[in-house]
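Here's the letter readout for the chains.
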Amino acid sequence: MFNRKPGRLSCFVLVFLAAGIFFVPGVRSGAGGEKSYGFRIINSYPHDSSAFTQGLIFHDGALYEGTGLYGRSSLRKVVLTSGQVERIHHLAADLFGEGIAFCKGRLYQLTWQSRVGFIYEPENFRKIGSFSYDTEGWGLTCDGRQLIMSDGTSMLRFLDLKTLRVVRALAVKGEMGPVSNLNELEYVKGEIYANIWNTDLIARISPRTGRVLGWIDLSGLRASLGNGGRPDVLNGIAYDEKGDRLFVTGKLWPKLFHIELAPKWKTK
């Protein structure tokens, strides 16, 4: 496959906002049992426009971010309000960083095609272990008991925290069939939120059945980025459980947004 990470929105994505229907291969929202959501911007914050965002989490008042690209991949602790990088760990130049997750007091980070992940102490980013997997690594999150991993297909895999081996595979399906290109993940109020790579859509997925429960359309968010730079695709979901705040950003985006979901017909 062509290097899928540095990619702009594909021309095959057609969005019909008035009808509330999105035409993406294998994806349709706004009909039947799948709810359709838009958004309201509550606040925006500076974001490093050189950060090729692959993973994003919010923990204990700070953002943690995993970035990609060969020679530029990193793990970062970021001050939310200023976007300042407070701590950074650089990956080896031959590794392409991917999704990150905080789970049971440890930080985990995937790599794209090297099939290796790393375990860190969150306080100092000291590497304390590694693990392997048999697929590409894309997104990563934690449900409080297990890691949940995406690989760019329609499958999600649940990893046991003790062995870091796959103990369950979950096929994700929407009304139009399997939903592929599952990318960055976040566990939010008992659901798995997943960026659909190369679109402005986030799928809300049942971790029990794999069914898509709803779609979040962020296609209007790019208009709030302002001029300048070369922002890439939407990617990065973080949830502040204590404050009930949802944050989103994208690869090379100069801003990070705190958003609130809204019924599609009330979206601004």
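### A look at the overall build of the protein chain
Counting its regular elements, the protein chain contains 0 helices and 24 strands. Per-residue burial for the protein chain yields a buried fraction of 55% across its 268 residues. Expressed as a percentage of contacts within the protein chain between residues at least 6 apart in sequence, the contacts between residues at least 24 apart total 52%. Carbon and sulfur atoms form 51% of the exposed surface of the protein chain, whose accessible area is close to 11600 Å².

### Section: the pairing of strand β21 (residues 212–217)
Counted residue by residue, β21 has 5 buried out of 6 residues, so it is predominantly covered. Alignment of strand β3 (residues 35–46) against β21, held across 3 bridges, turns out to be parallel. Following the sheet pairing, Tyr37 is matched in β21 by Ile216. Sheet analysis places strand β20 (residues 201–205) next to β21, joined by 5 bridges and oriented antiparallel. Residue pairing in the sheet places Leu201 in a bridge with Asp217 of β21.

### Side note on the nonpolar core
Of all hydrophobic cores here, the largest spans 17 residues; its most connected members are Tyr193, Ile202, Leu218, Leu221, Val248, Phe257 and Ile259. Elements with a contribution of two residues or more to this core: β3, β22 (234–240), β23 (245–250) and β24 (255–263). With sequence-adjacent residues up to four places away left out, Ile202 is seen in contact with Tyr193, Ala194, Asn195, Gly214, Trp215, Ile216, Leu218, Ile237 and Val248.

### Observations regarding the layout of surface pockets
By volume, the largest pocket amounts to about 580 Å³. Taken together, 21 residues form the lining of the largest pocket, with Phe58, His59, Phe102, Tyr239 and Glu241 sitting closest to its centre. For the lining of the largest pocket, the secondary-structure elements that each account for two or more residues are β4 (53–59), β8 (97–103), β12 (140–142), β18 (182–188) and β22. For the lining of the largest pocket, the residue count by class is 8 nonpolar, 5 polar and 8 charged. In this structure, the second largest pocket occupies an estimated 250 Å³ of space. Lys189, Tyr239, Asp244, Leu246 and Leu261 are, among the 14 residues lining the second largest pocket, the residues nearest its centre. The leading source of residues in the lining of the second largest pocket is β24, at 4 residues. In the lining of the second largest pocket, the residues fall into 7 nonpolar, 1 polar and 6 charged.

### Here's the deal with the pattern of salt bridges
Per the counting criterion, the structure on display carries 9 salt bridges. Close ionic contact of Glu260 with Arg40 constitutes a salt bridge, the shortest N to O distance being 3.1 Å. Remark: Arg40 occurs in strand β3 and Glu260 occurs in strand β24; sequence separation between them is 220 residues. Under the relative-accessibility criterion, Glu260 is labelled partly exposed at 38%. Among the salt bridges present, the one from Lys189 reaches Asp244, with a minimum N-O distance of 3.1 Å. Here Lys189 is found in the loop between β18 and β19 (191–196), whereas its partner Asp244 is found in the loop between β22 and β23, with 55 residues between them in sequence. Overall, the relative accessible area of 44% leaves Asp244 in the partly exposed class.

Basis of the calculations
- Residues numbered from 1 in each chain as written.
- Predicted model: local features only at pLDDT ≥ 70, side-chain atom pairs only at ≥ 80, totals over all residues.
- Heavy atoms only, no water.
- Helix = DSSP H or I, 4+ residues; strand = E, 2+ residues; numbered from the N terminus.
- Buried < 20%, exposed > 50% of the residue type's maximum accessible area, 1.4 Å probe, protein only.
- Contact = heavy atoms within 4.5 Å.
- Areas by Shrake-Rupley, 256 points an atom, 1.4 Å probe, with all protein chains shown as cover.
- Pairing = 2+ DSSP bridges.
- Core = buried A, V, L, I, M, F, W, Y, C linked by side-chain atoms within 4.5 Å.
- 1 Å grid on protein atoms, 1.4 Å probe; cavity = no way out; pocket = protein on both sides within 12 Å on 5 of 7 lines; lining within 4 Å.
- Points joined across faces, edges and corners; volume = space filled by probe spheres on them.
- Nonpolar A, V, L, I, M, F, W, Y, C, P; charged D, E, K, R; others polar.
- Salt bridge = Lys/Arg side-chain N within 4 Å of Asp/Glu carboxyl O.

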